[in-house]
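Reading the structure
If you want the building blocks of each chain, they are given just below.
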Amino acid sequence: MGKAIDGNSIDKVLRDAVNSGKVPHVAAIAADRDGILYEGSAGVRIAGESDDPVTTSTQFRVMSMTKMICTAAALQQVESGTLDLDAPVDTYCPEFADIQVLEGWDGDTPKLRAPARRATVKQLLTHTSGLGYWFWNADLVKYEQVTGVPNVVPGSAEAFKAPLVADPGTTYVYGINTDWLGKVLEAVAGTTLDVVIRNSITGPLGMTDTMFKLDDGRKNNCVTVHVKGEDGAWASAGNILNPEPDWWAGGHGLFSTPRDYIRFERALLRGGELDGERILREDTVDAAFRNQIGDLDFPAEIPTADPPITDTLRVGPGWKWGYGLLLNTVDQPGRRKAGTGAWAGLFNTHFFIDRTTGICASIYTNSLPFISEHEAWQTYIDFETALYAAL
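Counting from 1, residues in each chain are numbered in the order their sequence is written. Residue-level local features of this predicted model are given only where pLDDT is at least 70; pairs of side-chain atoms are given and counted only at 80 or more, and the full residue set underlies all totals for whole chains, interfaces and linings. Think of the side-chain values as coming from all heavy atoms in the structure, minus any hydrogens and water.

**Structural notes on the side chain of glutamate 273**
The line we're drawing: Counting from the N terminus, the helices are the DSSP runs of H or I reaching at least four residues and the strands are the DSSP runs of E reaching at least two. Categorising residues by exposure relies on relative accessible area from a 1.4 Å probe, with only protein chains included: less than 20% of the type maximum marks a residue as buried, more than 50% marks it as exposed, and the intermediate range marks it as partly exposed. For the purposes of these results, a polar contact is taken to be a pair of N or O atoms within 3.5 Å, where, inside protein, one atom must be able to donate a hydrogen and its partner to accept one; residues adjacent in sequence count only when each atom of the pair is a side-chain atom. What makes two residues a contact is simply this: any of their non-hydrogen atoms within 4.5 Å.
Summarising the element assignment, glutamate 273 is placed in strand S9 (residues 273-274). Taking relative accessible area as the criterion, glutamate 273 reaches 15% and is therefore assigned buried. Polar contacts involving the side chain of glutamate 273 include one to the side chain of arginine 270, which spans 2.8 Å. Among the polar contacts made by the side chain of glutamate 273, one reaches the main-chain amide nitrogen of glycine 276 at a distance of 2.8 Å. Discounting residues that sit within four places of it in the chain, glutamate 273 has contacts with Arg266, Ala267 and Arg278.

And the structure:
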């Protein structure tokens, strides 16, 4: 067990965020190498519909926090010699060879061409393959409208027909790379992604509440996704995601609880091991926390192309990407140290692992739009600031 800290100021951040309407509900947790330091929550599971308080054992859709778990499973295959990061993606998924680059429009006709080079598995891990997401790319929004090729949320396998928006290796574009990585993993492991992750990550780490499909008991312990009505009040928008998708999404498919996911964070904080179970070698974990995009940069600003889904992301300059992790290159005053690895999920979940300070933490709500700069995003910052002040 970690040495518990005085969490009163953190509790107040969570309560105030719910009471002011910044978030519909919130749960947060922090730990060090030895165990949990803090856990707290505020609000109810479904606004206006349930009295169930949210806790750190409540189920949330962690969306893109799935990516680091899928990435860790891929790195295990690299360690065992069954996956080559430098191999072209089409070595494992021949259909990837058909993916072209969308380089513009002739009216409503997409202008497509072959990529300048074959994308590699490493480029999937680092979001440098050229694959994008519609919510941060207006061309992909238009492509979906004119071709009918869906984005990944409806869970149709047709989503894998989406084009690249840049040549592989030329720029950082956040996109459906980890969904393709999941398909690569399935090809290498010879089984479905849910089995791969259960056998290699969540099973060994005792993460019994982390899964792609909830059973009935866990469904009744799950939040729904919330949006604000015209009156400014939070209301449930239901489940949004298809519960019976064509494929298990390595990019966004998992449900988890704050108490479960912190076990994965602690394993990374401890160099790949927790409670005697090693999921990754220490040098592999070190590589995940190192800049893996070279001279490329994580964009200082990514404008929204779908405002109901996400705000514009503004992190400012000085950020890199490792394997599955956003890395800050300078200390954030009063908060995380340089070299911290972090990422978030589209429904406003967020985690970070600060190996210098020796802590990891995460904060959860399920709401849209993502980030919502003065609401969910501000709540992340206020939580992190209060946590570091309490250490």
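This is not the end of the story, as more comes after the structure.
**A word on the pattern of salt bridges**
The condition that has to hold: We define a salt bridge as a side-chain nitrogen of Lys or Arg found within 4 Å of a carboxyl oxygen belonging to Asp or Glu.
On inspection of all chains with the given rule, the structure shows 25 salt bridges. For arginine 281, the salt bridge goes to aspartate 283, with nearest N and O atoms at 3.0 Å. One salt-bridge network, in which partners are shared between bridges, spans Glu103, Arg113 and Asp167.

**Notes on the environment of alanine 235**
Considering the arrangement of structural elements, one finds alanine 235 in strand S7 (residues 234-236). It is 19 Å that separates the C-alpha atoms of alanine 235 and serine 41, two residues lying 194 residues apart in sequence. Filtering out sequence-adjacent residues up to four positions away, alanine 235 remains in contact with Val225, His226 and Val227.

**Quick notes on the environment of glutamate 282**
Along the chain, glutamate 282 falls in helix H10 (residues 282-288). Spatially, the C-alpha atom of glutamate 282 lies 47 Å from that of tryptophan 105, the residues being 177 residues apart in sequence.

**Comments concerning the environment of leucine 181**
In this fold, leucine 181 is placed in helix H6 (residues 177-189). Considering only alpha carbons, one finds leucine 181 and alanine 74, 107 residues apart in sequence, at a separation of 7.7 Å. Among residues more than four places away in sequence, those in contact with leucine 181 are Cys70, Thr71, Ala74, Val121, Leu124 and Leu125.

**Observations concerning the packing of aromatic side chains**
By convention here, two paired aromatic rings are described through the distance between centres and the angle between planes. Inclusion rule: Note on ring pairs: Phe, Tyr and Trp rings are taken, using the six-membered ring of Trp, and paired if centres are within 6.5 Å. Classes follow the plane angle, with under 30 degrees stacked, over 60 edge-to-face and the rest tilted. Cation placement over rings: the criterion is NZ of Lys or CZ of Arg within 6 Å of the ring centroid and within 35° of the ring normal.
In this structure the tally under the stated criterion is 23 aromatic pairs. Aromatic pair phenylalanine 352 and tyrosine 388: ring centres 6.2 Å apart, planes at 25°, arrangement stacked. Note that phenylalanine 352 is positioned in strand S16 (residues 349-354) and tyrosine 388 in helix H11 (residues 376-390), a separation of 36 residues in sequence. Here lysine 183 stacks its cationic end above the ring of phenylalanine 160, 4.3 Å away from the centre of that ring. When the ring centre of phenylalanine 289 is taken as reference, the NZ or CZ atom of arginine 355 above it lies at 4.3 Å.

**Some details on the nonpolar core**
Under the convention used in this document: Joining through side-chain atoms within 4.5 Å is the link that ties buried Ala, Val, Leu, Ile, Met, Phe, Trp, Tyr and Cys residues into a set, and such a set is a nonpolar core.
By size, the foremost hydrophobic cluster in this structure holds 126 residues, and its most contacted members are Trp134, Trp180, Phe264, Phe298, Phe383 and Leu387. With residues up to four places along the chain from it excluded, the contact list for phenylalanine 298 reads Tyr172, Ile293, Leu313, Val315, Trp319, Lys320, Trp321, Leu326 and Trp343.

**Observations concerning helix H9 (residues 258-269)**
Where we set the bar: One less than the number of residues in a helix, times 1.5 Å, gives the span that helix is expected to have.
Look at H9: 16 Å from first C-alpha to last across 12 residues, which is about the 16 Å you get at 1.5 Å a residue. Extensive coverage of H9 is indicated by the burial of 10 of its 12 residues. Within the sequence span of H9, burial applies to Pro258, Asp260, Tyr261, Ile262, Phe264, Glu265, Arg266, Ala267, Leu268 and Leu269. Positive phi appears at glycine 271, one or two residues downstream of H9, with a value of about 80°.

**Comments concerning the pairing of strand S15 (residues 341-345)**
Basically, it comes down to this: The pairing criterion is simple: DSSP has to find at least two bridges between the two strands.
Among the 5 residues in S15, 5 count as buried, and that is most of the element. Burial along S15 is two-sided: the face carrying Gly341, Trp343 and Gly345 and the face carrying Ala342 and Ala344 are both buried. Of the strand pairs in this sheet, strand S14 (residues 326-328) and S15 are connected by 2 bridges, and their pairing is antiparallel. Along S15, the bridge assignment pairs leucine 326 with alanine 342. Note that S15 and S16 share 5 bridges and pair antiparallel. Along S16, the bridge assignment pairs alanine 342 with phenylalanine 352. Connecting S15 to the next strand, S16, in antiparallel fashion are 3 residues, including asparagine 348 with a positive phi near 75°.

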